[in-house]
Amino acid sequence: MTTTVLPRVNYLNVKHTVASWLLTKDHKRIGIMYLIVVSLAFLIGGIFAALIRVELTTPLGDLVSDDTYNKLFTMHGVAMVFFVLIPAVPAILGNFALPLMIGAKDVAFPKINLLSWYIFVIGFLFTIAAGILGGVDTGWTFYTPYSSVYSNSNVLLTGIGIFIAGFSSILTGLNFMVTIHRMRAPGMTWFRLPLFIWALYATSLVQILGTPVIAITVLMLAVERALGFGFFDPRLGGDPVLFQHLFWFYSHPAVYIMILPPMGAISEVIACFSRKSIFGYSFVAFSSLAIAVFGFLVWAHHLFVSGISPYSAMVFSFLSFAVAIPSAIKTFNWTATMYRGAIWWQAPMMWVFGFMGLFLIGGLTGLFLAALGLDVHLHDTYFVVAHFHYIMVGGAIMGYFAGLHYWWPKMTGKMYSNSAATLAALLVFVGFNLTFFPQFIVGYLGMPRRYHAYADEFQVLNVLSSAGASIMGVGYTLIACYLLYSFFKGKDAGPNPWRAVGLEWETQSPPIPENFTEQPIVTAAPYGYETRESNVG
Amino acid sequence: MLPGIPLFPEQASTLAPEVDNLYFFITAVTAFFALLVVVLVVVFAIKYRDKTGEKVGHPIHGSLPLEIGWSIIPFLVAMVIFVWATVVFFHIVRAPDQALEVYSTGKQWMWRFQHIDGQSEINELHVPVGRPVKITFTSEDVLHSLYFPAFRVKADAIPGRYSSLWFTATKTGEYHLFCAEYCGTAHSGMVGKVVVMEPDDYQAWLSGGGGLSLAARGEQLFQQLGCVGCHLGDGSGRGPSLAGKYGTEETLATGATVAIDDIYIRESILTPQMKLTAGYGPLMPTFQGLVTEEGVMSLIEYIKSLSSTAGPAAPTQASAPAPPPAASDNTGGPGE
Ligand code: HEC
Ligand SMILES: [Cu+2]
Ligand SMILES: [Cu+2]
């Protein structure tokens, strides 16, 4: 393995002007630019969450007014879903790592890649404008006819923001898909692709097929709201439940846009720090595709009490159980990968441990909600809130941080403090559980979601939640501190600090603008840790 | 000081134990799988730990039997849950016959309940213990969701549609009643209580309310709105007779047949042109905006009473058998 020594020109120091960033076509720089915007959105969404948790420490709605509270949870959801969870792993880590991992110079359409970023930022600005001009209060689900007729808040502006940002997601998906088809290094056959690439491929499929549906739905909502066309308003002959079908036809698969890429990152990290091939490579790869395809067939599990026929509820319940199986397969394979490995407890692996615990609970509590007779009671309660935070934060965000900690030395050339990162993973894990586990209980007790004020007997559990949230907040702040510190003052990481296998580790850190000095050629399956000339653990 | 930390909701309906048993079962199953994975991860992480980062793992690439095993077993377990949960679900959605009927409308931000005997109440619902109660409801504006945690039932209130839910309360007392579907500003204030009473107390409460029964109010509306001018009891008016119609089937101008139920009557009043009765022209005006959702419910109750009580319906029913020869143009094949 050739290792190039550091003080060469790299993609970060090649040019320093602002214009060199804003006009860059380098996938690595674009990844960093997404990192900045998404982190900002995460901060904003997090501040909303903090205010929500402070409000909910007492049963009375005493900190903010009811309208303000409604705007807080709406904007928390909008910021986190559309501007953090959906772009985080594909647009940040995917953009940075995908071409490197398949031995390409860049993505297939570098200019379109830059365009995606601009579209994303414009969408984000619209949404921020909606927030500044008074906010939006429909819930991130925008259910009609509240959103289309009754709400007095900035629904249109927010809708436009989401509509625009959607095109960024579509273009990124398209770009990745073409890149994976056309730009693989010689010898990089489909079954030599790292599993992160398989996950991004499956995600691209969902982005391309699903996102247009939400765009159309938002458009219909806007037309009804602005021009009075009757799509969803029953007084105009529309059907409010139609909106829910359309909305979830995208938004359930969108859950997989959020979770598949982190799952892919988890596969990379777990193989590296177990020093082993992934157990059941093809099962893990194909389960990503299965999830992407079957994920389109379960949307109406959000409508079990919304007046759909009991028989169609039955079909959607069955399919929802079925779609859980590929996720179970992945979890078992990850666990088996650790068996007889040589497990190196480094920071990225700590985030994997956290992910395993939380995603497991998130996935398994999905079975409660897929179960018809139980969902009638649980639907729209805090049980649902807890469930999807376990998936979205416990799964997607933990997976994102696993990947970010894994590739950070490659992205920046610098190493962060391993003990600080381990502490942060622990804080987030403990804080997370303290925040969201009580919500399962308070949900089963019957506390509905989106409640500004609540019955007295729910208070203790809510106080626990708020306490947990503050621990989590400390954890996230810590991450920002040590990563920023490492960027400016950290030790040089060297090209391959984890002694990982993979093309991205064969070039210097940070990589040169064109990624590789010479075209890499692939001759073996990924994760060839066992064939290394080291002692078997 | 604190009202205590409840960890489990009160079981106050016949459905509650069914739902809870399912909950316990799924909890046990999922806890087993969660523990299995967590224990394995922890054991592997400790047992195979390598502090140096120098060693490599054993070359194990997979195992087909294991893959098949851990696909099939979770699937079978999931199917057990699926079947069980579906059975419970059908108990929840199928109201028993002879349930005590209550009508309700949700609107920003209150629930109004309308008893057949005339009482109406806001954000409070009185019901007798031990008797099935069926609530039929709709929304006057946005979506809401009627939720009784202690009974483990909820259903969305949807403008333009009727939803229903039922329960048999098993314990007297007061329980929460929540709006579970976000509906704007005071969503969390759209709450109230359901009061479960001994049957005698319930009867006493009912008679204390006074006022006209729902059907009687419907009859008044039927006059005021001029329905009576077209819908004559003997079928000689410009519209069909409504006596004895509820619960039967109607043939539409399109040839299709529909059941005459709450929803059909509601549609007939608000969008009469949508489903024309065979043999009649599009004469009936829409009453959209002229009659409230509660008004519609009382009209339905009145039309219902025309078929069930012997009183006002009896004479028309007596005359009904006469016309069939004339009506044989559209229905009645030889097999009838
Ligand atoms: C101008 C005469 C007229 C008035 C007033 C009128 N209707 Fe009708 N109604 C009709 C006609 C004609 C039909 C059959 C054609 C159709 O389905 O629209 C009908 C049909 C119906 C039906 C369906 C009956 C069936 O067997 O299919 C119902 C229920 C009904 N009307 C209820 C009402 C109520 C309640 C009112 C008062 C709020 C009312 N109508 C006022 C003329 C009228
Ligand atoms: Cu879903
Ligand atoms: Cu509500």
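Remember, it's a predicted structure, so these values are computed and weren't measured experimentally. (Residues numbered from 1 in each chain as written. Chains lettered and ligands numbered in written order. Predicted model: local features only at pLDDT ≥ 70, side-chain atom pairs only at ≥ 80, totals over all residues.)

1. Quick notes on the interface of chain B and chain A
Note the cut-off: By definition, residues are in contact whenever their C-beta atoms, placed on the basis of the backbone, come within 7 Å of each other. Numbering of helices and strands runs from the N terminus; a helix is a DSSP stretch of H or I covering at least four residues, while a strand is a stretch of E covering at least two. Each residue receives one of three labels: charged for Asp, Glu, Lys and Arg, nonpolar for Ala, Val, Leu, Ile, Met, Phe, Trp, Tyr, Cys and Pro, and polar for the others, Gly being one of them.
In this assembly, 76 residues from chain B lie in contact with 84 residues from chain A. Of all the elements in the fold, those that place two or more residues in the side of chain B that touches chain A are α1 (15–47), α2 (64–93), β6 (144–148), β7 (153–157) and β9 (173–179) of chain B. In terms of residues, the side of chain B that touches chain A owes the most to one element, α2 of chain B, which gives 16 residues. Tallied by class, residues from the side of chain B that touches chain A come to 48 nonpolar, 17 polar and 11 charged.

2. A closer look at the site of ligand 1
All names here are of chain B. As a reminder of what qualifies: Residues are counted as near a molecule or strand when the C-beta atom, derived from backbone positions, lies within 6 Å of that molecule or strand.
Not every one of the 23 residues close to ligand 1 is listed here, only the nearest: Cys 227, Cys 230, Gly 239, Tyr 280 and Met 284. For the shell around ligand 1, the elements supplying multiple residues, two or more each, are α5 (227–230) and α6 (262–270). In the shell around ligand 1, the residues fall into 14 nonpolar, six polar and three charged.

3. Examining the pairing of β6 of chain B
Residue and element names in this part refer to chain B. Inclusion rule: Backbone-placed C-beta atoms define the burial measure: a residue is buried with 20 or more other C-beta atoms within 10 Å of its own, exposed with 12 or fewer, and partly exposed in between. When DSSP finds two or more bridges between a pair of strands, those strands are recorded as paired.
Burial analysis of β6 places five of its five residues in the buried class, the great majority of the element. Linkage of β6 to β7, two consecutive antiparallel strands, is achieved through a turn of four residues, within which Arg 152 is found at a positive phi near 65°. Relative to β9, β6 is paired through two bridges, and the arrangement is antiparallel. When the sheet's bridge partners are listed, Tyr 147 is paired in β9 with Phe 178.

4. Notes on unusual backbone geometry
Of note, the amide linkage connecting Thr 144 of chain A to Pro 145 of chain A takes the cis form, showing an omega dihedral of 0°. In this structure, Pro 145 of chain A sits in the loop between α4 (110–132) and α5 (146–150). Backbone torsion omega between Gln 108 of chain B and Trp 109 of chain B reads -5°, so that peptide bond is classified as cis. Locating Trp 109 of chain B in the fold gives a position in the loop between β1 (100–107) and β2 (110–115). Of note in the backbone geometry, Arg 450 of chain A takes a positive phi value of approximately 60° without being a glycine. In this fold, Arg 450 of chain A is placed in the loop between α14 (418–445) and α15 (459–489). We note that Asn 123 of chain B has phi near 55°; this positive angle belongs to a residue other than glycine.

5. Overview of the domain arrangement of chain B
Residues and elements named next belong to chain B. Spelled out, the test is: Where a domain begins and ends is set by an automatic assignment or by a domain database.
When its domains are assigned, chain B resolves into domain 1 (100–209) and domain 2 (215–320). Using only C-alpha atoms to locate each centre, domain 1 and domain 2 end up separated by 26 Å. Counting residues at the interface gives nine residues for domain 1, matched by seven residues for domain 2. Within the residue set of the side of domain 1 that touches domain 2, elements represented by two or more residues are β1, β2 and β5 (132–139). The class makeup of the residues in the side of domain 1 that touches domain 2 is three nonpolar, four polar and two charged.

6. Structural notes on the environment of Ala 322 of chain A
Among the structural elements, Ala 322 of chain A can be located in helix α10 (residues 310–338). Expressed as a C-alpha distance, the spacing of Ala 322 of chain A and Phe 294 of chain A, which sit 28 residues apart in the sequence, is 8.4 Å.

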